[in-house]
Amino acid sequence: METKKNIAPVKLELLLAIVPSGKQAYYSSLIQSQQANLQFTLPCKGTTHLILNYLGLVEKPKSLVVSVIREDEAPEIFARLNEQFQRGGEYKGVAFSIPFSSIVGTLPYGFLSNVKQVKES
């Protein structure tokens, strides 16, 4: 009798990018093009909003783009994000990633890392 076992997929990271609200769809699409299967966006505020309120200035609305990305795709994603952030103006932003090691089970982890291979034993 043949049995099939899942191959351990590549490591995942949780990418967090803070971008202007008007550009959240643009950045979400850019990240998704690099095999990101799970994404969502949230409105957010920076820590400077209190200081800006005291000065009577209005902070530009920001969005937090949260994505699950493959570790091997991370350098390319960060290079593309950095290229866009360097454009300045309404493209400014900040991004960082955190290792994503709290997924239970290989099937959900395999889905998120976009690996569909099985190993026959």
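This is a predicted model, so every value here is computed, not measured.

Quick notes on the rules
Residues numbered from 1 in each chain as written. Predicted model: local features only at pLDDT ≥ 70, side-chain atom pairs only at ≥ 80, totals over all residues. Heavy atoms only, no water. Phe/Tyr/Trp six-rings, centres within 6.5 Å; stacked < 30°, edge-to-face > 60°. Buried < 20%, exposed > 50% of the residue type's maximum accessible area, 1.4 Å probe, protein only. Helix = DSSP H or I, 4+ residues; strand = E, 2+ residues; numbered from the N terminus. Lys NZ or Arg CZ within 6 Å of the ring centre and 35° of its normal.

Take the packing of aromatic side chains next. The relative placement of two aromatic rings is captured by the distance of their centres and the angle of their planes. Here the structure, examined in full by the defined rule, presents 3 aromatic pairs. Measuring from centroid to centroid gives 5.3 Å for Tyr-26 and Tyr-27, while their planes differ by 80 degrees, and the two rings are edge-to-face. For Tyr-26, a relative accessible area of 34% corresponds to the partly exposed category. Among the residues examined, Tyr-27 registers a relative accessible area of 0% and is labelled buried. Relative to Phe-85, the ring of Tyr-27 has its centre 5.5 Å away and its plane inclined at 50 degrees; by these criteria the two rings are tilted. Of the two residues, Tyr-27 is situated in helix H1 (residues 24-32) and Phe-85 in helix H3 (residues 74-85); the sequence distance between them amounts to 58 residues. What makes Phe-85 buried here is its relative accessible area of 13%. Feature note: the residues Tyr-26, Tyr-27, Phe-85 and Tyr-91 constitute an aromatic cluster, connected by ring pairs. Between Arg-87 and the ring centre of Tyr-91, over which it is positioned, the NZ or CZ distance is 3.8 Å.

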